[in-house]
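Fold and geometry: a report
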Amino acid sequence: MSRYSRLLWATLPFTMLALGISPSARAQTAGAAADDVASSPTDAQSDSDEDIVVTGSYARSLAAATETKRQAAYGVDSINSTDIGKFPTQNVAEALQLVTGVAITRPRGEGLYVSVRGLGPQFQSTMLNGRSVAINDLIENGGAAGRQFRFEMLPAEFVSQINVVKTPTADMTEGALGGNIDVKTFHPLDVGNKTTLNLRGTYTTMTDKVKPNATALTSFKSGDGTFGLLAGAQYWAKSVRNDRWYNTGWTLDRFISVLGTGYYTPTRTRPTIETEERKRVSGLISTQWRPSPELETTLDVLGTRLDVAYDEFGLDIYPDDTSVAGHRPTLVPGSAKLDGNTVVAATINDVRFMASREYSLNRHDLLSVGLKQSWKPEGWDVSANINWSYAHSFHPSYAEGTVRSRAMFFAPLTYDASGGYKVIPTFTTPVDPTNAANYVLYPFNIAPKNSKDWDWYARLDVGHEMDGFLSKIAAGGEYHWRKRDYWRRDFTVNPGQVPLTSFAPNGFEQIPFDDFLGDVLGMRRAAGSCRSPASSTTSCSPTRWPTRR
């Protein structure tokens, strides 16, 4: 399927939606014109008696959020869904960045973690329907970074409102130095009888793939309004690719014998391609029973499974590395080109080149079950809350744990970074990096990880409204138990500097991409093969480079 065909299929749901709502769009336009006419001093009345009602606008979300902030007795910012399954953004974390004082972290372009008032994700308290929730770890690179919540575990289509409380009061869960983030899902007695089906395709240009996304939500409310049941399911997928070329810095006085003192030369440089295949399956059940206006029982169940298949291809170039015995980079006299006190171009002998591959299948499971009982007789407000949640982040198999494999060779390097920061530098070497026979093994490892988080939460609140000097008196108690079990094992293989072809004859493969940084301005070469046909010199700023499993 061509790229244009994929684009057509990706945009087809939006095209059908536009065709379906075109009559209402015309009605809204006509309504706006009618309002203009009605506001004119010369025309006090409209010629038509028809009422035009505009629904589903983003203004409704803003109005609801403003009303929440106005009515709250503490500092809170809010984001609201205009209707069931119609949250303002497709990602809960990215919706939160609309709130003043909130920033998000975007690993590989997707909103994931939230910071409030300049404090990092680990300093926030995240709740689901007013109850604490278990935490999934970032196990891709071994991090167990505390209680930062992965907001990609919550489908935005299930969310009705998010409150960010920056000034917590005594009756709120303690421990949030930044803010309390309360994510509220839909409830059937609020929604009524309604069903929503959302279909879309997500197309990413770097991967040239269309991934389907489907959400179904249905709500039932009994005729007498005492019982309601809501259920939802979602399948979400996305394919991500990042091309990166970065340099870790410059070092001073590395080649004093040739340059003298006071000159900077480059350190580690790394062209990299990262890919992710993400797939999330989520389910939501909410039931309410309200036999009288004073008594209400609510049960919420949410489950999510997220699979992230991560794959990274890299070629590290170390022009100043002396860590390997028997090798020491030396700068060729007369080859240096200076820009002030920086060596922007030179030839360096005995440089280490290291091809690398890192891949893992990371699975994240989240299950939350919460029950709330409220009783509001005249002048009183009594509520009891209990919740159990469990988060599990792990690699489904050792073979797909975090596997880091590397192979290296040593060769002369000629680099040229004289084009400035807007031009990617060129790195060339006479040794062919696509030939497996040139590589020797470097220590590599497999690191399976398994993180489990349990959270038990119980709370009782009692309040009484008063007419005197005190308007209300309230008391409450909370029990919170959390346990985390983080398990990791590292298996490292160090066979010594054994030729790759003798240790693993089939362990070498070419990178499966031929368009590395192909759309980036400033590339001083045409996209094509790594091997130069004109000579034995090989370019190391190509669209292809080798790696190994």
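Let me begin by describing the structure that accompanies this report. Values in this document were obtained by computation on a predicted structure and should not be read as measured data.

Side note on the pairing of strand 8 (residues 194–204)
Alignment of strand 8 against strand 9 (residues 209–221), held across 11 bridges, turns out to be antiparallel. Within the sheet, the bridge partner assigned to Thr196 lies in strand 9 and is Leu217. In this antiparallel pair of consecutive strands, strand 8 and strand 9, the connection spans four residues, and Asp208 shows a positive phi of 55°.

Regarding the nonpolar core
Core analysis: the largest hydrophobic core is formed by 37 residues, its most contacted members being Leu96, Val114, Phe151, Ile162, Ile181 and Val183. Breaking this core down by element, the ones donating at least two residues are helix 3 (92–96), strand 2 (102–105), strand 3 (113–116), strand 6 (159–165), strand 7 (179–185), strand 10 (227–247) and strand 14 (295–318). With four residues, helix 3 is the single largest residue contributor to this core. Leu331, Ala355, Ala436 and Phe513 belong to the second largest nonpolar core, which has 30 residues in total.

So, the pattern of salt bridges
One pass over the full model with this rule turns up 27 salt bridges. As a salt-bridge pair, Glu157 and Arg200 come within 3.2 Å of each other at their nearest N and O atoms. One end of the pair, Glu157, is in the loop between strand 5 (131–132) and strand 6; the other, Arg200, is in strand 8, with 43 residues separating them in the sequence. The pair Glu157 / Arg200 is uniform in exposure class, with both members buried. Between Arg270 and Asp316 there is a salt bridge, with the nearest N and O atoms lying 2.3 Å from each other. Placement of Arg270 in strand 13 (residues 269–292) and of Asp316 in strand 14 is noted, with a sequence separation of 46 residues between them.

What about the pairing of strand 18 (residues 380–394)?
Direction of pairing for strand 17 (residues 342–375) relative to strand 18: antiparallel, over a ladder of 13 bridges. In the sheet register, Ser374 faces strand 18, and the bridge partner there is Ser383. Adjacent in sequence and paired antiparallel, strand 17 and strand 18 are bridged by four residues, among which Gly379 carries a positive phi angle near 85°. In the sheet, strand 18 pairs with strand 22 (residues 449–465) via 15 bridges, with the strands oriented antiparallel. In the strand pairing of strand 22, Trp380 is matched with His464.

A few points about empty space enclosed by the protein
All chains considered together, the criterion is met by two cavities of 30 Å³ or more. If you trace the largest cavity, you find 13 residues lining it, with Leu128, Asn129, Arg131, Asp300 and Ser368 closest to the centre. Sorting the residues of the lining of the largest cavity by element identifies strand 5, strand 14 and strand 17 as the ones contributing at least two each. A total of three residues in the lining of the largest cavity trace back to one element, the largest contributor, which is strand 14. Its boundaries defined by the atoms lining it, the second largest cavity holds a volume of some 40 Å³. Lining the second largest cavity we find Gln90, Glu157, Arg200, Asn213, Thr215, Gln234, Trp236 and Arg280. When residues of the lining of the second largest cavity are traced back to their parent elements, those giving at least two are strand 9 and strand 10. A breakdown of the residues in the lining of the second largest cavity according to their chemical character gives one nonpolar, four polar and three charged.

Some points on the packing of aromatic side chains
Note on aromatic pairs: each is described by the distance of the centres and the angle between the planes. Under the definition given, this model contains nine aromatic pairs. Each ring, one from Trp388 and one from Tyr390, has its centre 6.3 Å from the other, and the planes form 10°; the classification is stacked. A connected cluster of aromatic rings, assembled from ring pairs, spans Trp388, Tyr390, Trp454 and Trp456. Between the NZ or CZ atom of Lys483 and the centre of the ring of Trp454, over which it lies, the distance is 5.3 Å.

So, the sheet that holds strand 7
Pairing in this open sheet of five strands is mixed, and the strands run 1-6-7-4-5 from one edge to the other. Since the sheet does not close on itself, it has two edges, and those belong to strand 1 (76–80) and strand 5, each with one partner. Two strands pair when backbone bridges link them, and strand 4 (residues 124–128) and strand 5 are joined in this way by two bridges, in the antiparallel orientation. By the bridge assignment for strand 5, Leu128 is matched with Arg131.

Description of a nonpolar patch on the surface
Together, Leu299, Leu367, Val369, Leu371, Ile386, Trp456, Tyr479 and Trp481 make up a nonpolar patch on the protein surface, roughly 680 Å² of accessible area in all. Elements supplying a minimum of two residues to the nonpolar patch: strand 17 and strand 23 (472–488). No other element matches strand 17, which puts three residues into the nonpolar patch. Mapped onto the elements, Leu367 comes out in strand 17.

Focus on the environment of Phe491
Inspection of the secondary structure puts Phe491 in strand 24 (residues 491–493). Residue classification places Phe491 among the partly exposed residues on the basis of a relative accessible area of 43%. Separated by 46 residues in the primary sequence, Phe491 and Asn445 have C-alpha atoms spaced 5.4 Å apart. If we skip the residues at most four places from it in the chain, Phe491 touches Tyr398, Phe444, Asn445, Ile446 and Pro448.

Quick look at the environment of Ser389
The residue Ser389 is located in strand 18 in this model. Taking the C-alpha atoms as reference, Ser389 lies 8.2 Å from Ser132; in sequence the two are 257 residues apart. For Ser389, the contacting residues outside a window of four places in its chain are Ser132, Val133, Ala134, Leu367, Ser368, Asp453, Trp454 and Asp455.

Definitions and limits used
Residues numbered from 1 in each chain as written. Predicted model: local features only at pLDDT ≥ 70, side-chain atom pairs only at ≥ 80, totals over all residues. Heavy atoms only, no water. Pairing = 2+ DSSP bridges. Helix = DSSP H or I, 4+ residues; strand = E, 2+ residues; numbered from the N terminus. Core = buried A, V, L, I, M, F, W, Y, C linked by side-chain atoms within 4.5 Å. Buried < 20%, exposed > 50% of the residue type's maximum accessible area, 1.4 Å probe, protein only. Salt bridge = Lys/Arg side-chain N within 4 Å of Asp/Glu carboxyl O. 1 Å grid on protein atoms, 1.4 Å probe; cavity = no way out; pocket = protein on both sides within 12 Å on 5 of 7 lines; lining within 4 Å. Points joined across faces, edges and corners; volume = space filled by probe spheres on them. Nonpolar A, V, L, I, M, F, W, Y, C, P; charged D, E, K, R; others polar. Phe/Tyr/Trp six-rings, centres within 6.5 Å; stacked < 30°, edge-to-face > 60°. Lys NZ or Arg CZ within 6 Å of the ring centre and 35° of its normal. Patch = residues over 30% accessible without salt bridge, like charges linked within 9 Å, V, L, I, M, F, W, Y side chains within 5 Å. Areas by Shrake-Rupley, 256 points an atom, 1.4 Å probe, with all protein chains shown as cover. Contact = heavy atoms within 4.5 Å.

Nothing here speaks to function; it is all geometry.
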